[in-house]
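A structural walkthrough
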Amino acid sequence: MVRYDHPDAVKLTELVQAEYVRRYATEVGDASPMDPSEFDHPNGIFFIGYVDEIPVAMGGWRRGGPAGETDGEIKRMFVLDSHRGQGLSRQILDELERSAARQGITRLVLETGLEQPEAIALYRSAGYVDVEPFGYYAGYDDAVHLGKTL
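Okay, so let's go over this structure. Counting restarts for each chain: residues are numbered from 1 in the order of the written sequence. Predicted model: local features are reported for residues with pLDDT of at least 70 only, side-chain atom pairs are reported and counted for 80 or more only, and whole-chain, interface and lining totals are derived from all residues. Hydrogens and waters are ignored; side-chain quantities use all the structure's heavy atoms.

**A few points about the packing of aromatic side chains**
How two aromatic rings sit relative to each other is given by the distance of their centres and the angle of their planes. Only the six-membered ring of Trp is used, alongside the rings of Phe and Tyr, when aromatic pairs are assigned; centres must lie within 6.5 Å, and planes under 30 degrees apart are stacked while those over 60 apart are edge-to-face, with the rest tilted. Scanning the entire structure with this criterion turns up six aromatic pairs. An angle of 65° between the planes, with centres 5.6 Å apart, marks the rings of Tyr123 and Tyr128 as edge-to-face. In this pair, the class of Tyr123 matches that of Tyr128, namely buried. For every residue, the accessible area (1.4 Å probe, protein chains only) is compared with the maximum for its type, and the residue is labelled buried under 20%, exposed over 50%, or partly exposed between those bounds.

Below, the structure is given as structure tokens:
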């Protein structure tokens, strides 16, 4: 567990933002507003996955969502290309779900996009289903909104 503004989180966030720019052919990656303090315990959490002391994966949740304070929103799930296919995203997701449930979160929600089919497949395989559009990307045609009751 680290703060969202930890240097390793900043480094991985820069990489995921570059990935969004590439996939969505935009000048800016994810433009939804985020404050590092939103991920501070007990109202959120942020994890970095390390392999041989190198940061290779990340993900977090912050309290709030369409149902209010009982929802948690997953943000910044990412694994380096070099470490994909090893189950790291599933490990991060499992820990996000466990930590959210411990803090009284009853449902996790997230926004992703059609240009991230592997993310959609991960979430669906973990039991996430379509939910009513919400948040920054609610009005975007290529946005996918998913949720899972914990």
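There's more to say after this.
**Structural notes on helix H3 (residues 117–125)**
What counts as a helix is a DSSP run of H or I of at least four residues, what counts as a strand is a run of E of at least two, and both are numbered from the N terminus. Those residues of H3 that sit buried are Ala119, Ile120, Leu122 and Tyr123. When H3 is viewed along its axis, its buried side chains cluster within an angular range of 160° and face the same direction. Directly after H3, the chain includes Gly127, whose backbone phi takes a positive value near 100°. In this description, the arc belongs to the directions extending from the helix axis to the C-beta atoms.

**Here we look at the pairing of strand E1 (residues 44–51)**
Burial of E1 is extensive: six of the eight residues sit out of reach of the surface. Only when DSSP finds a minimum of two bridges between them are two strands counted as paired. With eight bridges joining them, E1 and strand E2 (residues 54–63) adopt antiparallel strand pairing. The residue bridging Phe46 from the neighbouring strand is Gly60, located in E2.

**Some points on the side chain of Asp71**
Residue position: Asp71 is located in strand E3 (residues 71–79). You can call Asp71 buried: its relative accessible area is 1%. Polar contact is defined as a pair of N or O atoms within 3.5 Å, subject to the rule that within protein one atom must be able to donate a hydrogen and the other to accept it, and that residues adjacent in sequence are counted only when both atoms are side-chain atoms. Among the polar contacts made by the side chain of Asp71, one reaches the main-chain amide nitrogen of Ala67 at a distance of 2.8 Å. Here a residue-residue contact requires only that any non-hydrogen atoms of the pair lie within 4.5 Å. Those residues in contact with Asp71 that lie beyond four places of it in its chain are Arg62, Arg63, Gly64, Gly65, Pro66, Ile105, Arg107 and Val109.

**Considerations on the packing of helix H2 (residues 88–102) against H3**
Each pair of packed helices can be described by the angle between their axes along with the distance between the axes. Between H2 and H3, the least distance of the axes is 11 Å, while the angle of their chain directions is 50°. Classified by the angle between their axes, H2 and H3 sit oblique to one another. Of the two possible hands of crossing, H2 and H3 adopt the one that is right-handed. Taken together, the residues of H3 that come into contact with H2 (itself represented by Ser89, Arg90 and Leu93) are Leu122, Tyr123 and Ser125. When residues are grouped by polarity, Ala, Val, Leu, Ile, Met, Phe, Trp, Tyr, Cys and Pro land in nonpolar, Asp, Glu, Lys and Arg in charged, and all others, Gly among them, in polar. Classifying every residue of the contact of H2 with H3 by side-chain character gives three nonpolar, two polar and one charged. An axis is simply a line fitted to the C-alpha atoms; with a helix, the fit covers only the stretch in contact. Between two such axes, the angle follows the N-to-C directions and lies from 0 to 180 degrees. These descriptions rest on fixed angle ranges, namely under 35 degrees for roughly parallel, over 145 for roughly antiparallel, 65 to 115 for roughly perpendicular, and the rest for oblique. Left-handed describes a crossing in which the near helix is turned anticlockwise from the far one by less than a right angle; the clockwise case is right-handed.

Scope: geometric values only; no functional claims are made or implied.
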